[in-house]
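# Chain and residue survey
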Amino acid sequence: MGTSLAAEPLLSLAVTVTSEQRVESVLLSIVQGLASQPGVALARIWLLPSADLPSFCHVVSDPPDCLCLVASAGTPINSPGEDWSFLQGHFARVPFNVGKVGQVAASRHPIFVKDVAAQNDWVVRTDWAKREEIRSFAGHPLIFRDKLLGVVAVFSRQPLGQEEFTWLGLFANQAAVAIANACTEEALRSSERNLVAFVNTIPTAAWTTRPDGYCDFLNQVWLDYAGMTAEQAQGWGWAEAIHPDDRTKLVEEWQSCLASGTPVDTEARIRRFDSSYRWFLIRGNPLRDESGSILKWCGTCVDIDDRKRGEEALHARELDARSLLDSMPGFLARLSPDGTPEIFNRPFLQYLGKTVEETRKWKTSDVIHPDDLAHAIEVFGNGVSGGQPWGLEFRLRRLDGIYRWFQTRWVPVRDVEGRILHWNALTTDIDDRKKAEEALQSSERNLKLMINAIPTYIHVLNTDGSVHYVNRAVLDYMGITLDDTQKEDYRALFFHPEDVERLRAERREALLRPIPFENEQRVLGKDGKYRWFLIRYNPLLDEQGRIDRWYVAATDIDDRKKAEEALQSSERNLSLMINVIPTFIGVLRTDGLVVYVNQTVLDYTGITVEDVERGEFRSRIHHPEDIERLREERRAALARPVPFENEQRMLGKDGKYRWFLFRYNPLLDEQGRIERWYVAAFDIEDRKSAEEALQSNERNLSVMINTIPALIHTGRPDGYLDYFNRRWLEYLGTPLENMEGWNWTGVIHPDDVEGIVNMWRTCLASGKVFEHECRVRRADGEYRWMFHCKVPLRDATGKILKWYGSSVDIDDRKKSESRLRQVIDTIPTLAWTMLPDGSNEFLSKRWEEYTGLSVDESHGWGWQAAFHPDDLPALLKKWQQLLTSGQAGEQEARLRYHDGVYRWFLIRVEPFRDETGKIRRWYGTSTDIDDRKRAENALQSNERNLGLIINTIPTLAWSAAPDGAVDFVNQRWLEYTGFSPEQGLGWGWTAAIHPDDLNRIAEYWRLIMRTGEPGEMEARFRRFDGVYRWFLFRGNTLRDESGTIVKWYGTNTDIDDRKRAEAQVEQAYLRLTEAQRVSKTGSFITDLVADEHNFSDEAFRIFEFDPAAKVTFQMCRDTIHPEDQPTFDAVIARAMTGTDVEFGFRIVTSRGAVKHLRGMARVMGQSAGHPVFIGALQDVTESKLAEEALNRARSELAHVTRITTLNALTASIAHEINQPLSGIVSNASASLRFLAGDATNLEEAREAVRDIVRDGKRAGEIITRIRALAKRTATRREKLDLNETISEVLAIIGDEAKRNNVIVRTQFADALSPVAGDRVQLQQVVLNLVMNAIEAMSSVSDRPRELIITTQNIDAGCVQATVEDSGTGITSEAVDKIFDSFYTTKAGGMGMGLSISRSILQSHGGRLWAVGKDAPGTMFHFTVPKYHEEGSHAPATGT
Amino acid sequence: MRQLPEPEAVIIAIVDDDPSVRKGLQRLIRSAGWRAETFASAQEFLTRSRAESPNCVLLDLQLPGVSGLDLQKRMAEVGLETPIVFLTGHGNIPASVQAMKAGAVQFLTKPVDEQELLQAIEEAVERDRRTRQQQVEMSELRDRYESLTVREQEVMQQVISGMLNKQIAAELNITEDTVKFHRGHIMRKMRADSLADLVRMAKNLAIPSDKRSV
């Protein structure tokens, strides 16, 4: 047996050991290699614990200076059951300086024991050595780069010599190098593994790129988020995931950063796997080498969507709040907690005409009415100190000095601790309401007073018709007391027996309906005589429109009644005449000869009475085309005693023909023979031309539909298609019957029928626009793709009347789409041939398409231009090789795409030989392998650089051991906290957590540690400068194959901005909500086209929608009051055009409440091409109701006043009626006498009867006028001749003027423009002014009593009337007051007349004012707007 | 004694500002056989030609300017005793009382009943006739009285005082026979049938009876 440790085997062993890469293998190789040497019993290695040692060694580090047995190998011969070969001998620790091994380690010198038996002082177990026959021991220190790694020792059964000891020492040096290398290698591997795991495990998207921006790595978080594979995302593929709107900007920014080397810090939307987009903060930093050139870019994408939305919401809300504040109909203000004004909204300041500064000292400023100031200060003081919401009503001074009533509500806004941050105040103008209330109160008070004061008979009835109250006039007339009215037989006693039944029936029905009615009846007076009364019943309605009371006024019409009776009895044709007066009237003899035409006819045609008498006018006034036809028609019709009518044109004196409808009514005598024909003509010109226009429109439409080069069809609401235009039918080559109804499905491609029918049914059910693509068979049998669209036509209520459809042939488009797809599919491979000399012969079309080089350009050697210059030399060299060798081959090279980007291709070429074996041509293909290539490159570079990423990524990152102790934090983390690496490790990081958050986060951290689930939490984290910022802490686990947690990885993301934005949003939202609640103003953001509506809480409350419900357009529309739906639809239609709208309508909520809403909507922006609105709506029901109540009271009062005035005129009216009656009676009596005498005087009798007719007419007209004035009608705007309107009043008061010796003169303008107004109301004004004037002159005796009424056109818009008297005049102070309610200078006056007159004119858009005269007397002027044909309403404020 | 004028000669004046009323009334009056004159106002009536005074005035109460009642007052002031029938469109009690007090024949409300009106006119015409007759009688009586000599007038004064012839003679210092002679003349000239008749005439003539001697 030779020496146990020979040089050569050891050298060989050293080579083997050095080639091992893993530490374990190295150690094993060493001990096993040594143990296998002849004579070696046991070989062992102890190592000193060190950070460099891989963790698998399980070296326990305490006590610190202690060697651990890590590997052992050997063969026992006398120790059965013992195994000496193992790794990880953690059981055995050898302290320094203990035993031989400890000495070797401590001294770093080898120890050689030649004969163990001789030197047994080192052996711990001498018996073992003896038993195993150990002869020699050699131990060497393992030293690498002057650092002690451990000890290697050999126990030999053969005696070792010095030579062997030396060889072993050399080997130990090699082994030390091998171990150190393996350790380093191992550490590197492990760190790389960890890093990949880290980067993939951290809950943040991370990436790296090459210096040129080519993305070579995206972590799993990113890929999972985007739903892309690494291949898809690599390079520039990630850009696909960027929102199209952000893409260009992002790429530009990125490229500019790449060029300048500045860090990237931008925001963009990234598409998630589910196609939704979220906002990300994208940050990237360059990684530089020592020389400063960029090696790489590393970056992260942090999800900031919540923050972003928060910011947007905040921004939007700020905008909303500001625009709402400024557009709210109320005034908003904010005060500091002590009550100092801070902010006023624009309308408020405009109202006050002050700046914010000027309002600071509001207590002493002049904005509050002096009378209200003391109260306001008291309430304000109490309110501010009380800290509760409070309110106040007071008057504020407007810019122009006028005070108006306001209601203000103050609400404190508190922080989380409940401290008042400031006061929000909403101040609403309630002046109108206040005035309305005052007016209402006083008008109610005065109504009662007046009811008793006025000489009209007034009853107030309960709803069942029983008497509630009667006024003194009634009691006086009937001679009864109020108690008598409660008796059951009250009516039977005082009503005329003939009337009782009739009245009972009439009243029973009429009292049930809330509309005024009237009847006439006889009532017994205390003098025992019945007199006729006109009884008017007016219901007083409560807010719900239910009848509360009936106000009943009785007017003594006994005289009138008698007059009417006289009138009726006078003559039969008289009443006929009266009935037809307002129009063109003629009277014909039975033979058709005209005996009479009224003035209207004469005025219109310009013919004279003489013309009529001579019968020479027909040809002048009738249209030549009509004459013959009419003659025929009339001849036939006049013979029969039945009414008939015809249409004919009549020439006006203006030279124009107009169409008239002539109605012929026969007057029959008692035998039924025709005595006369009465003819009335009505102007129907407008109707006639409208009819013609309509006819021609319809004709044109039909022609158009058949002419336009479009395919048009229509359908009924039930889906039945009832019309296809001619072009359609030509296209299909089929008659309409084959298409009608549902037959059209026959021309649809069988595969498409089901789809289109379903679609059509869906649209029919929903009423939505129908849009569908399907194939339709053309006349030649070819199916072509067509796009069909049907739109519903709705009536005002939204009901579908018809569907209109059009179709477009899109077949060509469809086909080109599919072709394009084919091209795209076939891109990847390029084919070509080369000539034997290496020049190009042929290139496929695709090459041309790919490189953008034409065939000519690429021909010969031109193709080289398409290759990357860097790759070209190698490529050409290879090509030369192949050309020379004649072998097939391949090479990779980059080929330029026509847009300039290079992609890697695999280029393969094969020779083609002829029969002689000569190469004739080379065939080649180029395959795009760019993705693979890039992946390979990425793989190479990833691993090298990943370790650096962690410190480069702009996110705080860390990792922790499974027990939760942090074992790593990245550079950013350290920079942020300002900690040293040691401070951050273990649990040191907790020092940076905000004390308030610490317990919470520590507990949570322990919790997820136990469960092992990923988690996240928000907490405040201290920056190096002591500032706490909110962070999102996220942790995720890395597990090995068995599922055991190996590590925790985490990131901390700065969410402070988001947090603050959220807080601000929250506060802004609270403020807004409060302001909305106080002002009953809701806001909304609405996208009509998408039917998306975002209602504020208050908007929900106003509509009384379930707050959880999703608001739809239909839902809103369903609540609109049916009468207001057309308005609502019009507003929506206008809004659809993208304009701002204002609106006002009523809604009926689900519980039946009617609310008046007012609001506006403004275009906030565009979404997908249609407008998005932001708007506010306010519940104005209260003020609306007050306004209505006021209007009702006002109209009630106006009516009562008018009736009162008329009552005062009773004498005059009676006189006016009696005058013509007097003539009638006298004439009638006279004619009877003429006829009865011996010598009958027929001529005289005839004349008398003619006068009777004239007087009867006159009496009728007067009665009509009075009735019109006495009647209570809804306000109307009609075209009026003011001169005529005034004349009618003068006809009534003529006698009143005479009795007061007043001379009435009129100075009417000749060409007075027509005005727009309510005849009765304007007459009330004139009546009132004239009566006032007469009264004002009653005491005048030293000068003529003159009343002058003047009318004139004053400007383009108005007509003015003046009522001038020569009375006592009014003082200048009184001029200001006379228009106030209840102001009067008259002993018996109510003081309502002028006030009502003024309000009547104001509601007409006119004015009424008084002017003193130089001479004695007063002038009252009033103006009324002119009538405009188009917009027939003049500006009117009343309803 | 003059006869009552024939109906055709009776003239009725109508004062009314309303043409219909004027025309109607005029026709009605014509149908009753009288003549009618119409006036639109009080002024027009007052300035009419005085050729023949009407027998009756139909007067509207409400007239522009000078009212009906004013006209009645003016007529009384100028001694125009034509009876007045008032017509009014709308009667009121104070006005009617004032009119009747001032001597109106009737106060009628329009539209007036034919019979009522004609009756009122007849009454007025009758009153007018009586007035006119009295005027005629008075002027005859005055003529007769004027035809007496101064002495006869003196004697008549004594006679109507109820003095005996003897007393008269003593008073006038003439013989009783002379008194008788004068007395016979007086009775014949005055056409008195009896002393009572003469006393009535004297009363009408407003001759004061001589009571000095009593």
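This text goes with the structure placed above it.
Residues numbered from 1 in each chain as written. Chains lettered and ligands numbered in written order. Predicted model: local features only at pLDDT ≥ 70, side-chain atom pairs only at ≥ 80, totals over all residues. Heavy atoms only, no water.

## Side note on the overall build of chain B
Note the threshold: What counts as a helix is a DSSP run of H or I of at least four residues, what counts as a strand is a run of E of at least two, and both are numbered from the N terminus. Only protein chains enter the accessibility calculation, which uses a 1.4 Å probe. A residue is then buried if its area is under 20% of the maximum for its type, exposed if over 50%, and partly exposed in between. Residue contacts are counted whenever heavy atoms from the two residues lie within 4.5 Å of one another.
Helix and strand content of chain B: nine helices and five strands. Counted from the first residue to the last, chain B has its helices and strands arranged as β-α-β-α-β-α-β-α-β-α-α-α-α-α. Burial status across chain B gives 47% buried among its 214 residues. In chain B, once contacts between residues fewer than 6 apart in sequence are set aside, the share between residues at least 24 apart is 61%.

## Quick word on the pairing of strand β53 (residues 1418–1425) of chain A
Taken residue by residue, a regular strand's side chains alternate between the two faces of the sheet. Residues and elements named next belong to chain A. Our working rule: The pairing criterion is simple: DSSP has to find at least two bridges between the two strands.
Taken across its eight residues, β53 has seven buried, putting it largely inside the fold. The pairing of strand β51 (residues 1358–1365) with β53 spans seven bridges and is antiparallel. Looking across to β53, one finds that Gln1360 is bridged to Thr1423. Summarising the sheet, strand β52 (residues 1407–1412) and β53 pair through six bridges and their orientation is antiparallel. Of the residues in β53, the one forming a bridge with Trp1409 is His1421. Between β52 and β53, which follow one another and run antiparallel, lie five residues, and Gly1417 among them has a positive phi close to 120°.

## Considering the sheet that holds strand β16 (residues 420–429) of chain A
Residues and elements named next belong to chain A. Where we set the bar: With axes taken as lines fitted to C-alpha atoms, and helix axes fitted only over the stretch in contact, angles between N-to-C directions fall between 0 and 180 degrees.
Across the sheet, which stays open at both edges, the five strands sit in the order β13-β12-β16-β15-β14 with antiparallel pairing between neighbours. The outermost strands of the open sheet, each flanked by one partner alone, are β13 (341–344) and β14 (390–397). With strand direction ignored, the average angle separating the axes of adjacent strands in the sheet is 30°. Examined bridge by bridge, strand β15 (residues 403–414) and β16 share nine bridges and lie antiparallel to one another. Looking across to β16, one finds that Val411 is bridged to Asn424. Helix α12 (residues 370–386) rests against β12 (331–335), β14, β15 and β16 of the sheet, and its axis sits at about 150° to β14.

## Observations concerning the interface of chain A and chain B
Spelled out, the test is: When two components associate, each loses some accessible surface as probed by a 1.4 Å sphere; the sum of these losses over both components is called the buried area. Counted as salt bridges are all cases of a side-chain nitrogen of Lys or Arg within 4 Å of a carboxyl oxygen of Asp or Glu. What qualifies as a polar contact is a pair of N or O atoms within 3.5 Å, subject to a donor-acceptor requirement within protein and to the restriction that residues adjacent in sequence count only when both atoms come from side chains. Side-chain classes are defined by residue name, with Ala, Val, Leu, Ile, Met, Phe, Trp, Tyr, Cys and Pro counting as nonpolar, Asp, Glu, Lys and Arg as charged, and the others, Gly among them, as polar.
The partner chain B presents 25 residues to the 26 residues of chain A that form the contact. Interface area, chain A with chain B, both sides summed: about 2,200 Å², of which 49% is carbon and sulfur. It is Gln1219(A), Arg1233(A) and Lys1298(A) that lose the most area in chain A upon contact with chain B, and together they represent 24% of the buried surface on that side. The interface formed by chain A and chain B includes seven salt bridges. Along the contact surface separating chain A from chain B lie nine residue pairs in polar contact (both at pLDDT 80 or more). Secondary-structure elements contributing two or more residues to the side of chain A that touches chain B are α39 (1210–1236), α40 (1242–1270) and α41 (1282–1299) of chain A. With 15 residues, α39(A) is the largest single contributor of residues to the side of chain A that touches chain B. For the side of chain A that touches chain B, a count of residues per class yields seven nonpolar, nine polar and ten charged.

## Focus: a nonpolar patch on the surface
Residue and element names in this part refer to chain A. Rule in force here: What makes a patch is a set of residues exposed beyond 30% relative accessible area and free of salt bridges, joined within 9 Å when like-charged and within 5 Å when nonpolar (Val, Leu, Ile, Met, Phe, Trp, Tyr). All accessible-area figures derive from a Shrake-Rupley calculation using a 1.4 Å probe, and residue coverage is judged against the displayed protein chains alone.
Together, Leu793, Leu801 and Tyr804 make up a nonpolar patch on the protein surface, roughly 260 Å² of accessible area in all. Relative to the helices and strands, Leu801 is located in strand β31 (residues 800–809). For Leu801, a relative accessible area of 42% puts it in the partly exposed group.

## Some points on the nonpolar core
Residues and elements named next belong to chain A. As a reminder, the rule being used: Buried residues of nine kinds, namely Ala, Val, Leu, Ile, Met, Phe, Trp, Tyr and Cys, make up a nonpolar core once their side-chain atoms join them within 4.5 Å.
The biggest cluster of nonpolar side chains holds 39 residues, and the ones touching the most others in it are Leu1282, Leu1329, Val1330, Leu1408, Phe1420 and Phe1422. For this core, the secondary-structure elements that each account for two or more residues are α41, α42 (1319–1336), β50 (1346–1353), β51, α44 (1393–1404), β52 and β53. Per-element tally for this core: the top contributor is α42, with nine residues. Aside from chain neighbours lying at most four places away, what touches Phe1420 is Leu1329, Ala1361, Thr1362, Val1363, Ile1378, Phe1379, Leu1394, Leu1408, Trp1409 and Ala1410. Ranked by size, the runner-up nonpolar core spans 38 residues in total, among them Val23, Val31, Ala43 and Leu142.

## A closer look at helix α22 (residues 624–638) of chain A
Residue and element names in this part refer to chain A. The criterion, for reference: Given the number of residues in a helix, its expected span is that number minus one, multiplied by 1.5 Å. We define the bend at any residue as the angle between the axes fitted to the seven residues before and including it, ending there, and the seven starting there.
With 15 residues, α22 extends 21 Å from end C-alpha to end C-alpha; this agrees with the ideal 21 Å at 1.5 Å per step. Of all the bends in α22, the largest measures some 30° and sits at Leu630. Considered for burial, the residues of α22 that qualify are Asp626, Ile627, Leu630, Arg634, Ala637 and Leu638. On its buried face, α22 is in contact with β22 (584–588), α21 (618–621), β24 (644–651), β25 (657–668) and β26 (674–683).

## Looking at unusual backbone geometry
Of the consecutive residues Lys110(B) and Pro111(B), the connecting peptide bond is found in the cis state with omega at -10°. One can find Pro111(B) in the loop between β5 (106–109) and α5 (114–147). The phi dihedral of Glu133(A) falls on the positive side, at around 60°, and the residue is not glycine. Summarising the element assignment, Glu133(A) is placed in the loop between α4 (126–131) and β5 (136–144). With a relative accessible area of 46%, Glu133(A) lands in the partly exposed category. One non-glycine residue, Asp1091(A), adopts positive backbone phi at about 55°. By secondary structure assignment, the location of Asp1091(A) is in the loop between β42 (1081–1087) and β43 (1092–1095).

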